[in-house]
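# Per-entry structural report
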Amino acid sequence: MSIRATNQADVIPLRPLPAVPPALPREPLWRDLVGEVLRRERQAQGRTLKDVAEAARISMPYLSEVERGLKEASSEVLAAAAQALGLNLADVLALAGERLVSLAAARSRPRSLGSSAVGGRRSVRSTGPAGSVGAVRPSGPMGGVLLAA
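Summarised in this report is the structure supplied together with it. (Residues numbered from 1 in each chain as written. Predicted model: local features only at pLDDT ≥ 70, side-chain atom pairs only at ≥ 80, totals over all residues. Heavy atoms only, no water.)

Membership of the largest hydrophobic core comes to 21 residues, with the highest contact counts inside it found for Val34, Leu38, Ile58, Leu63, Leu78 and Val92. Among the elements of the structure, α2 (30-44), α3 (49-56), α4 (60-67), α5 (75-84) and α6 (89-112) are those that each provide at least two residues to this core. Top contributing element to this core by residue count: α5, with five residues. Once you skip the residues sitting within four places of it in the chain, Ile58 turns out to touch Ala53, Leu63, Val77, Ala80 and Ala81. (Core = buried A, V, L, I, M, F, W, Y, C linked by side-chain atoms within 4.5 Å. Buried < 20%, exposed > 50% of the residue type's maximum accessible area, 1.4 Å probe, protein only. Helix = DSSP H or I, 4+ residues; strand = E, 2+ residues; numbered from the N terminus. Contact = heavy atoms within 4.5 Å.)

Laid out in structure tokens, this is it:
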């Protein structure tokens with residue numbers, strides 16, 4: 001028997017492995033969001049990567065990497081790319097921030113469905129037929145029933 005064969009052993013777990021809950025999609029990185037905004041704006045204007053890179057005085061491969069979220073660009077590079085697209089840095093950052101908020105809302109939506117106040121369902125405040133505030137309408141598959149107080 002060789003040394004290699006004697007050093008290998010079967011591993012028998014003492015406890016069963018815990019069930020892993022389904023993983024949420026990873027939180028987006030800022031560089032991904034900014035790159036997405038730059039690419040979306042460039043494509044909306046019908047401009048090529050080469051055209052924008054030349055106008056911004058950035059190398060085309062570097063701008064491509066920024067758009068794909070592979071490089072974390074400095075504020076100077078982002079400002080130059082934004083200006084080449086007819087935007088300012090605040091526009092790019094605001095658009096990236098809006099995208100981050102929408103993605104965060106989408107990430108939290110599935111988890112909040114389990115919390116409830118009425119019969120295992122999440123409650124939504126609404127106004128009743130006569131404008132009475134405080135009516136509770138359960139949302140979910142059986143939603144649509146209005147309970148007035």
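Further notes follow.
Within the structure shown, the criterion is met by six salt bridges. Taking the shortest distance from any N to any O, the salt bridge between Arg40 and Glu36 comes out at 3.3 Å. With Arg40 and Glu36 both in helix α2 and four residues apart, this pair spans about one turn of that helix. Here Arg42 makes a salt bridge to Glu67, at a shortest N to O gap of 2.8 Å. (Salt bridge = Lys/Arg side-chain N within 4 Å of Asp/Glu carboxyl O.)

The next thing to look at is the packing of α3 against α4. At a minimum axis distance of 9 Å, the contact between α3 and α4 shows a crossing angle of 110°. Between α3 and α4, the angle falls in the class roughly perpendicular. Facing Leu49, Lys50, Val52 and Ala53 of α3, the residues of α4 in contact are Met60, Leu63, Ser64 and Glu67. Its residues assigned to classes, the contact of α3 with α4 comprises five nonpolar, one polar and two charged. (Axes fitted to C-alpha atoms, helices over the stretch in contact; angles between N-to-C directions. Parallel < 35°, antiparallel > 145°, perpendicular 65-115°, else oblique. Nonpolar A, V, L, I, M, F, W, Y, C, P; charged D, E, K, R; others polar.)

So yeah, pure geometry; function would need other evidence.
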